[in-house]
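Chain and residue survey
Now for the letters of each chain:
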Amino acid sequence: QVQLVESGGGLVQAGGSLRLSCAASGTSFSINAMGWYRQAPGKQREMVATITSGGSRNYADSVKGRFTISRDNVKNTVYLQMNSLKPEDTAVYYCRITSYYGSAYWGKGTLVTVSS
């Protein structure tokens, strides 16, 4: 059974930094893409950043230049370094992985709160 465990969320002041981690276990397949998504109160879930197995990265315009996604393929872990945080970054952040066959798996989320 695939499990994704996120960590690193918390409360931070505007301008501060946080680093999120997501470790995948129980995968009997090779992981293709890994990514982070977020959902703010009253809003739809949106893509924040993704990274392919080959290292290609994609970012939402709102986080470009502030967030950096990386992955450790040995540890099956994806990271999100978040700098210069803004109150509008407040959301529950979810980890997502996909297999080469198109199956997708989600973590339960970690809350990031940025105070002004």
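Residues numbered from 1 in each chain as written. Predicted model: local features only at pLDDT ≥ 70, side-chain atom pairs only at ≥ 80, totals over all residues. Heavy atoms only, no water.

1. Let's talk about the overall build of the protein chain
Rules: Each helix is a run of DSSP H or I of at least 4 residues and each strand a run of E of at least 2, with the numbering of both proceeding from the N terminus. We compute the radius of gyration from the C-alpha atoms alone; for a globule the expected value is 2.2 Å times N to the 0.38, where N is the number of residues. In what follows, residue pairs with any heavy atoms lying within 4.5 Å of each other are defined as contacts. To be clear on the numbers: accessible area is Shrake-Rupley with a 1.4 Å probe, and residue cover counts the displayed protein chains and nothing else.
If you tally the helices and strands in the protein chain, you get zero helices and 11 strands. Scanning the protein chain from its N terminus toward the C terminus, one meets helices and strands in the order β-β-β-β-β-β-β-β-β-β-β. For the protein chain, the C-alpha radius of gyration of 14 Å lies close to 13 Å, the compact-globule estimate for 116 residues. With the C-alpha coordinates aligned to their principal axes, the bounding extent of the protein chain is approximately 45 × 25 × 25 Å. Restricting to contacts in the protein chain with at least 6 residues of sequence separation, those with at least 24 account for 53%. When the accessible surface of the protein chain is summed, it comes to about 6200 Å², and 46% of that surface belongs to carbon and sulfur atoms.

2. Looking at unusual backbone geometry
This is how the line gets drawn: A simple rule labels every residue: compare its accessible area, found with a 1.4 Å probe on the protein chains alone, to the largest value its type can have, and call it buried under 20%, exposed over 50%, or partly exposed in between.
With phi around 50°, N76 is a residue other than glycine that occupies positive phi space. Inspection of the secondary structure assignment puts N76 in the loop between β7 (67–72) and β8 (77–82). Its identity as a non-glycine residue notwithstanding, S84 has a phi of 50°, on the positive side. Here S84 lies in the loop between β8 and β9 (91–99). By relative accessible area, S84 is classed as partly exposed at 41%.

3. Things to note about the packing of aromatic side chains
The test is simple: Here the aromatic set is Phe, Tyr and Trp, taking the six-membered ring for Trp, and pairing holds for ring centres within 6.5 Å; pairs whose planes are under 30 degrees apart are stacked, those over 60 apart are edge-to-face, and all others are tilted.
Within the structure shown, the criterion is met by three aromatic pairs. Centre to centre, the rings of F29 and Y105 are 5.5 Å apart; their planes meet at 15°, and the pair counts as stacked. Linking F29 in the loop between β3 (18–25) and β4 (31–39) with Y105 in strand β10 (residues 104–106), this pair joins segments that are 76 residues apart in sequence. Their ring planes at 65° and their centres at 5.0 Å tell us that Y37 and W106 sit as a pair that is edge-to-face.

4. Quick notes on the nonpolar core
Short version of the rule: Residues belong to a common nonpolar core when they are buried Ala, Val, Leu, Ile, Met, Phe, Trp, Tyr or Cys residues joined through side-chain atoms within 4.5 Å.
The biggest cluster of nonpolar side chains holds 29 residues, and the ones touching the most others in it are W36, L80, M82 and Y93. When residues of this core are traced back to their parent elements, those giving at least two are β3, β4, β5 (46–51), β7, β8, β9 and β11 (110–115).

5. Some details on the sheet that holds β3
What links the strands of a sheet is backbone hydrogen bonding, and the strands pair in either a parallel or an antiparallel sense. Our working rule: Any two strands between which DSSP finds at least two bridges are classified as paired. Axis angles are defined between N-to-C directions and span 0 to 180 degrees, where every axis is a line fitted to C-alpha atoms and, for a helix, only to the segment in contact.
In spatial order, the strands read β1-β3-β8-β7; together these four strands make up an open sheet with antiparallel pairing. A single partner strand is all that each edge strand has here, and the edge strands are β1 (3–7) and β7. Across the sheet, the mean angle separating the axes of adjacent strands is 15° when strand polarity is ignored. Pairing analysis gives six bridges linking β7 to β8, with the strands arranged antiparallel. Residue pairing for β8: T68 is matched across the bridge by Q81.

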